[in-house]
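An overview of the molecular structure
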Amino acid sequence: MTIAVRPPDPKKLIKGATGDWEVVVGMEVHAQVTSKAKLFSGASTEFGGEPNSHVSFVDAAMPGMLPVINAECVAQAVRTGLGLRAEINKRSVFDRKNYFYPDLPQGYQISQYKQPIVGEGEVIVDLSDGTSFTVGIERLHLEQDAGKSLHDQHATMSFVDLNRSGVALMEIVSRPDLRSAEEARAYLTKLRTILRYLGTCDGNMEEGSLRADVNVSVRRPGDPLGTRCEIKNVNSIRFVGQAVEVEARRQIGVLEDGGTIEQETRLFDPGRGETRPMRSKEEAHDYRYFPDPDLLPLEFTDAWVEALQGALPELPDAKKARFVADYGLSPYDAGVLVAERVSADYFEAVAKGRDAKAAANWVINELFGRLNKDGKALDESPISAAQLGGLIDLVADGTISGKIAKDLFEILWTEGGDPRQVVEARGLRQVTDTGAIEKTIDEVIAANPDKVEQAKAKPTLMGWFVGQVMKASGGKANPQAVNDILKRKLGLE
Amino acid sequence: MTDLTQHTIAELRDGFARRDFSAVEVAEAYTRAIEAAKVLNAYIVATPELALDQAKASDARLAKGEAGPLEGIPLGIKDLFCTRGVHSQAASHILDGFKPPYESTVTSQLWRDGAVMLGKLNMDEFAMGSSNETSFYGPVANPWRADGSNQALVPGGSSGGSAAAVAGMLCAAATATDTGGSIRQPAAFTGTVGIKPTYGRCSRWGIVAFASSLDQAGPIARTVRDAAIMLKSMSGNDPKDTTSADLPVPDFEAAIGRGVKGLRIGIPKEYRVDGMPGEIDNLWEEGKAWLRDAGATLVDISLPHTRYALPAYYIVAPAEASSNLARYDGVRYGLRVPGNDVIAMYENTRAAGFGREVKRRIMIGTYVLSAGYYDAYYLRAQKVRTLIKRDFETVFAEGVDAILTPATPSAAFEVGAMATASPIEMYLNDIFTVTVNMAGLPGIAVPAGKDRRGLPLGLQLIGRPFDEETLFAAGQVIENAAGRFTPERWW
């Protein structure tokens, strides 16, 4: 295995009692393939059905049943490989991984061992400080999911639900290229984004569509890799970060106390904020992999791969670069917008024919902020891209002020409506008639002679006058006009 | 009226067409014959009511002139085939009570073509055996006995019930399966015709798996023609089995009369094994003479890796079996022997449910796939397999049309004769047949003579991939010369 060498970054090192440590993380991500049917049977993959309601004779491993590969799952794996800029293996082999478990009806899992469908690729990961780095992908292979054992349904018995049995998973194996909890989170976030763009995995971690096995080791900066522990089945991005954090701390503690790290599988307990061993080495499985004789090697042509390539959507990296180049957005704003395909699409609908920076500000600051506050997803937004665009148009042509625009946003959010009609109906139109503004200013000046005097010595009081005038106008006065006239009248020019 | 069970499929077909007898009459004749032959233990389960219903339906179709290719033909089905709602337990204790809610592709094609099911046939447990002595339901007796002897003989295996039922007139023909010789060896031991078609010719869907890369279904019948009629109905591409071949199914019966004129028949020197009885050698010589007299050219050929075939087979087949049989865990169907926890339940169930030979092969298979042994055993055996395949490809490329060999190294042996022998001695029964499975080729066993005790012996013809037609043509030449072999009824 080749290991990409990243020089230790002092900022990412962990302070121990005896000096600095570097954490090294690699991940095996299990992504459920978006498909109607399972990998080797026609049973439905729908989530949440009655237990054992999506089970074919193949999934239940009835005698004499044979697997038949689902071509769509293969296409999804290839699309994902292309999205990860990876080598596509036109010939791959399915193997049997043999072990006994009640939720594994066949007594083996069909997986790909020595010849996976996708080889080496890469993911570019962006961090919040604006830097990016590349994570190597070692391989991606297709395999079957197992069923689910339910231990809490009966006092003395366990139940088995085979609905998931045979559902297609992609196992995406990264190189140990991650150096902090933040990097681990960012990698999984980016991988999830790519999968969701491609439509090859819905990325729904709560339903188990995306799970990560996180390999963590620590070492002194510059030393060879330490012994790793594998933290199994971490099911949220936040938990991935926490698991890396606490596991690194645990390992540093052991090493600094003069102990050694045992290679083992561990489980992260978010409640206690700790990892603990799952099974010991003595129980280590010998999976007796061998090529599945029920399935021919998987083979396809260049033309088929090219057709899939041609139909791929624009991916987040390309979209981000385009947003920066074409819309003049900051890389940070562009990154926020492309994190989800729907938000990028929403932004582009708003920005079309308008000032892109204004559109980005409205989408990111106002809309996302409001969605966040209400705990809503973008597709549940009460304000459509067309409405938000209309609002921005009203600001741009001077019909309403920025402040009124925020009020209008709130009205659209709670009551809906066409922005221009709402403005007309509620009389929110900005006052640009300088005569009317002058009249209001004169009234304010007349009512506050002392403040006028003070302002001459302390020009910052100007802001107070602006506020009074705006208040008196019900917020509808054109702020620029108010400023200009006030300056003149107060003799501050 | 003659005994209706004496007719071949071809004769029944003609008789139905002439209204000489009805499908119901034929089915009832077989039902009585089965009832009277319990001592042979060929059937695990007879299905007379089902047979009668199907025969009535056949008679209705015959009356309307809508007869299928196997209309009204009563068949026995090896217990390895899943048949809807009927005992399908691979002659194993571990599948106790299993009646599948589905029908195997091969049997569904037989019913589609009008055949009638008489019941499920005994076999070696999970098709592992060469004498039908590993069945949970007890051994099958060969309808043949040595001249002047009352000693029970084995019918061969694993399709021993199929071969015994066909030889004993307990069905017009039977389905069977062949992983290392399980059709051809019992056919040779019972004076019947058995063909293992090319791997991929018949769908494996719904057949309990033994070794997936070697298993093939095929018929055992009384004549070469009957075998051809049966194979046509059993064959064909099946989208549910991705290893089944997407090729048209030829009219095998039409190939029967072709003869062997101008064909080059290979005689492999490696098949003359040490300690082979002289009468097997004589039989082989006789077979060569018949084919030469019919116009074929005999060619001496070499298949140099033949001697590695048996050891390689006994690595590959158990390896696949160890994995294929993992599903019999007591969780979802069949036998369950309780335990304190799930592991104990697995252990108790599998300990009680599998017989000795099955356990032996699971252990061999588990061993050869284990970390540290995989390369030395499984991987090496796969390489040997490639070399065996190449041996055949070479001789076929040199213009050989088919290969003639003995089918077995001996005639049927006595029940219990191998009880104290090492398993290897039993495995030697497959010495002429396993290469064919390893190379995925078609092979037919045709009765060709008797040994000095009056027991039938067979010859084997091996063909090019998907060229079963040449095997039927050459097989018919042997049948014409050797005649047919029918046991004296003693039961």
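Residues numbered from 1 in each chain as written. Chains lettered and ligands numbered in written order. Predicted model: local features only at pLDDT ≥ 70, side-chain atom pairs only at ≥ 80, totals over all residues. Heavy atoms only, no water.

**Quick notes on the sheet that holds strand E15 (residues 290–291) of chain A**
Two orientations exist for strands paired in a sheet by backbone hydrogen bonds: parallel and antiparallel. Residues and elements named next belong to chain A. Spatial strand order, E5-E4-E15: three strands in an open sheet with antiparallel pairing. The sheet is open, and its two borders are formed by strand E5 (108–111) and E15, each paired with just one other strand. Pairing analysis gives two bridges linking strand E4 (residues 95–98) to E15, with the strands arranged antiparallel. Residue pairing across strands places Asp-95 opposite Pro-291, the latter belonging to E15. (Pairing = 2+ DSSP bridges. Helix = DSSP H or I, 4+ residues; strand = E, 2+ residues; numbered from the N terminus.)

**Here's the deal with the packing of aromatic side chains**
Each aromatic ring pair is described using two quantities: the centre-to-centre distance and the angle formed by the ring planes. The final tally for this structure, using the stated rule, is 33 aromatic pairs over all chains. Where B:Tyr373 meets B:Tyr377, the ring centres are 6.4 Å apart and the plane angle is 35°; that geometry is what we call tilted. Here the aromatic residues B:Phe98, B:Phe126, B:Tyr328, B:Tyr333 and B:Phe354 are joined through ring pairs into a cluster of three or more. Over the ring of A:Phe133 we find A:Lys12, and its NZ or CZ is 6.0 Å from the ring centre. In this arrangement the basic side chain of B:Lys288 is found over the ring face of B:Trp284, its NZ or CZ atom lying 5.2 Å from the centre. (Phe/Tyr/Trp six-rings, centres within 6.5 Å; stacked < 30°, edge-to-face > 60°. Lys NZ or Arg CZ within 6 Å of the ring centre and 35° of its normal.)

**Section: the packing of helix H2 (residues 181–198) of chain A against helix H5 (residues 316–327) of chain A**
Residue and element names in this part refer to chain A. Close contact between H2 and H5 brings their axes to 10 Å; oriented N to C, the two are set at 95°. The angle between the axes of H2 and H5 places the two elements in the roughly perpendicular class. In this structure, H2 uses Lys-190, Thr-193, Ile-194 and Tyr-197 to contact H5, whose residues at the interface are Pro-316, Asp-317 and Lys-319. A breakdown of the residues in the contact of H2 with H5 according to their chemical character gives three nonpolar, one polar and three charged. (Axes fitted to C-alpha atoms, helices over the stretch in contact; angles between N-to-C directions. Parallel < 35°, antiparallel > 145°, perpendicular 65-115°, else oblique. Contact = heavy atoms within 4.5 Å. Nonpolar A, V, L, I, M, F, W, Y, C, P; charged D, E, K, R; others polar.)

**Focus on the state of the cysteines**
Cysteine pairs can be covalently joined through their sulfur atoms, and such a bond is termed a disulfide. Here the structure, examined in full by the defined rule, presents zero disulfides over all chains. With no disulfide of its own, A:Cys73 lies 12 Å from the sulfur of A:Cys201, the closest cysteine sulfur. In this structure B:Cys171 is a free cysteine whose sulfur lies 17 Å from that of B:Cys202, the closest cysteine sulfur available. The buried category is assigned to B:Cys171, whose relative accessible area is 0%. (Disulfide = S-S within 2.5 Å. Buried < 20%, exposed > 50% of the residue type's maximum accessible area, 1.4 Å probe, protein only.)

**A few points about the domain arrangement of chain A**
Domain annotation of chain A identifies domain 1 (26–216 + 282–308), domain 2 (312–426) and domain 3 (434–489). The C-alpha centroid of domain 3 of chain A is placed 66 Å from the C-alpha centroid of domain 1 of chain A. (Domains from an automatic or database assignment.)

**Structural notes on the pattern of salt bridges**
What the rule picks out here adds up to 69 salt bridges over all chains. Here A:Lys232 and A:Glu230 are joined by a salt bridge, their closest N and O atoms 3.5 Å apart. For A:Lys232, a relative accessible area of 22% translates into the label partly exposed. According to the relative accessible area criterion, A:Glu230 is buried, its value standing at 14%. The partner of B:Glu279 in a salt bridge is B:Arg452, and the shortest N-O contact between them spans 3.9 Å. Of this pair, B:Glu279 sits in helix H8 (residues 278–293) while B:Arg452 sits in the loop between strand E10 (443–450) and strand E11 (456–463), placing them 173 residues apart in sequence. Judged by relative accessible area, B:Arg452 falls into the exposed class, the value being 68%. Shared partners join several salt bridges into a network, and the residues in it are A:Arg85, A:Glu122, A:Asp126, A:Lys190, A:Asp317 and A:Lys320. (Salt bridge = Lys/Arg side-chain N within 4 Å of Asp/Glu carboxyl O.)

**Some remarks on helix H9 (residues 385–396) of chain A**
Residues and elements named next belong to chain A. In a regular helix each residue adds 1.5 Å, so 12 residues correspond to 16 Å; H9 covers 16 Å between its end C-alpha atoms and thus fits that length. Along H9, the positions that sit buried rather than exposed are Ala-385, Gln-387, Leu-388, Gly-389, Gly-390, Leu-391, Ile-392 and Leu-394. Where H9 is buried, its residues contact helix H7 (341–351), helix H8 (356–374), helix H10 (402–415) and helix H11 (419–426). Within two residues after H9, Gly-398 carries a phi angle of roughly 80°, on the positive side. (Expected span 1.5 Å × (residues − 1).)

**Section: the nonpolar core**
Core analysis: the largest hydrophobic core is formed by 169 residues, its most contacted members being B:Phe126, B:Leu291, B:Phe392 and B:Phe472. For this core, the element with the highest residue contribution is helix H9 (residues 309–324) of chain B, accounting for 10 residues. When residues no more than four places from it in sequence are discounted, the contact partners of B:Phe126 are B:Leu80, B:Ala90, B:Ser92, B:Ile94, B:Leu95, B:Val208, B:Phe210, B:Leu325, B:Tyr328, B:Phe354 and B:Val358. Membership of the second largest hydrophobic core comes to 106 residues, among which are A:Leu82, A:Leu84, A:Leu371 and A:Leu428. (Core = buried A, V, L, I, M, F, W, Y, C linked by side-chain atoms within 4.5 Å.)

**Remarks on the interface of chain B and chain A**
Interfaces are often described in size by the accessible area the parts lose on coming together. Each partner contributes to the interface: chain B provides 38 residues, whereas chain A provides 30 residues. When chain B packs against chain A, the two sides together hide about 2800 Å² of surface, and 60% of this comes from carbon and sulfur. Across the chain B-chain A interface, the total number found is one salt bridge. Linking B:Arg204 and A:Asp294 is a salt bridge whose minimum nitrogen-to-oxygen distance equals 3.1 Å. At the boundary of chain B and chain A, one finds 14 residue pairs in polar contact (both at pLDDT 80 or more). Of all the secondary-structure elements, those providing two or more residues to the side of chain B that touches chain A are H9, helix H10 (342–353) and helix H11 (356–369) of chain B. Counting residues per element, the side of chain B that touches chain A draws most heavily on H9(B), at five residues. Residues that form the side of chain B that touches chain A fall into these classes: 20 nonpolar, 10 polar and eight charged. (Buried area = accessible area lost by both parts, 1.4 Å probe. Polar contact = N/O pair within 3.5 Å; in protein donor to acceptor, adjacent residues only side chain to side chain.)

**Here we look at the sheet that holds strand E5 (residues 193–196) of chain B**
Residue and element names in this part refer to chain B. Strand order in the open sheet made by the 11 strands is E1-E3-E2-E4-E6-E5-E10-E11-E9-E7-E8, with mixed pairing throughout. Strands at the two margins of the open sheet, each flanked by one partner only, are strand E1 (43–46) and strand E8 (297–301). Put simply, the sheet's adjacent strands are angled 30° from each other on average, direction ignored. Both E1 and strand E3 (residues 116–121) contribute to a ladder of three bridges, which runs antiparallel.

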